[in-house]
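# Observations on chain architecture
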Amino acid sequence: MKSKIINVEPEYIYYLSEGTAQLWELHSDGTEILISVLKADDAIRLKNVNFNSVYEFRAVKEDAFFLVYKWDPVNSLEEKYFLLNKVTTTLMRTELLNLIKRKKFVRDRLISLLQYLVYEHGEGWKNNYSVIQLLLTHEEIASLILSTRTTVTRILNELKKENLITYLHGHICLREDFIENSDNYESSGVV
């Protein structure tokens, strides 16, 4: 599946009116880090941009549609309030992802990320499971938690063997009691 790429400029507000998109930070050494996953009704404005990095949105599906605003010319107070509220909400969720990245053990980061994804992109399913409607590759999941694809794949396989997750047409499904009591399943020391 080919993705659409939009370079992010710091003086603009990007409002995602439809679909989902990923915000990536690209470093001069070739490192790419997935910063956040945006859903419809999210907005973002990068004020303090690291000049050693480039930021871009990647929309995997054709359904992602951005409205781009230049902050200064936004005339109406209602429109500024609306955009500021959306930017603040999106920023809070991005900061939650940053908190997940600060956990010491990869297993803990992955479990917390799966909980986050169920909360933000999940839907109930049969047999007490929730389906994460957002499709992410193991590489993208690894980038979100600052790990490697192989480690994420190994831990997801462990969680599957423990019957805590399963898959439905490529979507990760989490058992309800796993979501509610994830502290019981956290790490035994994999950094």
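Up top is the structure these notes are about.
Calculation criteria
Counting restarts for each chain, with residues numbered from 1 along the sequence as it is written. Whole-chain, interface and lining totals are the exception, using all residues; otherwise, since this is a predicted model, local features are given only for residues with pLDDT of at least 70 and side-chain atom pairs are given and counted only at 80 or more. Derived side-chain values reflect all non-hydrogen atoms in the structure, with water molecules and hydrogen atoms excluded from consideration. Two strands form a pair only when DSSP identifies at least two bridges running between them. What counts as a helix is a DSSP run of H or I of at least four residues, what counts as a strand is a run of E of at least two, and both are numbered from the N terminus. Angular values range over 0 to 180 degrees, each being the angle between N-to-C directions of two axes fitted as lines to C-alpha atoms, with helices fitted over their stretch in contact. Residue types Ala, Val, Leu, Ile, Met, Phe, Trp, Tyr and Cys, when buried and joined through side-chain atoms within 4.5 Å, form a set referred to as a nonpolar core. The cut-offs for exposure are 20% and 50% of the maximum accessible area for each residue type, with area from a 1.4 Å probe on protein chains only; residues under the lower value are buried, those over the upper are exposed, and the others partly exposed. By definition, residues are in contact when any of their heavy atoms lie within 4.5 Å. For this document, the term salt bridge refers to a Lys or Arg side-chain nitrogen within 4 Å of an Asp or Glu carboxyl oxygen. Comment on the angle field: the value is read as roughly parallel under 35 degrees, roughly antiparallel over 145, roughly perpendicular from 65 to 115, and oblique elsewhere. Crossing chirality is assigned from the near helix's rotation relative to the far helix, an anticlockwise turn below a right angle marking it left-handed and a clockwise turn marking it right-handed. Gly counts as polar in this scheme, as do all residues outside two lists: the nonpolar Ala, Val, Leu, Ile, Met, Phe, Trp, Tyr, Cys and Pro, and the charged Asp, Glu, Lys and Arg. Any pair of N or O atoms that falls within 3.5 Å is considered a polar contact. Within protein, one atom must be able to donate a hydrogen and the other to accept it, and sequence-neighbouring residues count only if both atoms are side-chain atoms.

Quick look at the sheet that holds strand S2 (residues 12-18) now. In spatial order, the strands read S5-S2-S7; together these 3 strands make up an open sheet with antiparallel pairing. Taken across any chain shown, the strands that pair with only one partner, and hence form the sheet edges, are strand S5 (42-44) and strand S7 (65-70). Averaged over all adjacent pairs, the angle separating strand axes in this sheet is 20 degrees, with direction ignored. Note that S2 and S7 share 6 bridges and pair antiparallel. Looking across to S7, one finds that Glu18 is bridged to Phe65.

Within the largest apolar cluster, 31 residues are counted, with the highest numbers of intra-cluster contacts made by Leu113, Leu114, Leu159 and Leu174. At the level of elements, strand S3 (20-27), strand S4 (32-39), helix H1 (77-101), helix H2 (106-121), helix H3 (138-144), helix H4 (149-161), strand S11 (171-175) and helix H5 (176-180) are the ones that each hand at least two residues to this core. Ranked by residues supplied to this core, first place goes to H2 with 8 residues. In contact with Leu174, other than residues within four places in its own chain, are Leu114, Gln115, Val118, Asn128, Tyr129, Ser130, Ile132, Leu164, Ile165 and Ile179.

Time to look at the pattern of salt bridges. Counted by the stated rule, this structure contains 10 salt bridges. Glu158 is paired through a salt bridge with Arg107; the nearest N and O atoms lie 3.5 Å apart. Taken together, the residues span a long stretch of sequence, with Glu158 in helix H4 and Arg107 in helix H2 at a distance of 51 residues. Look at Glu158 and you get partly exposed, because its relative accessible area is 29%. Salt bridges sharing common partners tie together Lys39, Asp42, Arg93 and Glu120.

For the pair H1 and H2, the least separation of the axes is 9 Å and the interaxial angle reads 160 degrees. Here H1 lies roughly antiparallel to H2, going by the angle between them. Helix-helix and strand crossings are classified by hand; for H1 and H2 the assignment is right-handed. Residues Arg93, Leu96, Leu97, Ile100 and Lys101 of H1 form the contact with H2, whose own contacting residues are Arg109, Ser112, Leu113, Tyr116 and Glu120. Taken together, the residues that form the contact of H1 with H2 break down as 5 nonpolar, 1 polar and 4 charged.

Within the secondary structure, Ser130 is located in strand S9 (residues 129-132). Of the residues examined, Ser130 reaches a relative accessible area of 7% and is grouped as buried. In this structure the side chain of Ser130 is engaged in a polar contact, spanning 2.4 Å, whose partner is the side chain of Glu176. Leaving out residues up to four positions away in the same chain, Ser130 has contacts with Val118, Glu123, Gly124, Trp125, Ile172, Cys173, Leu174, Glu176 and Ile179.

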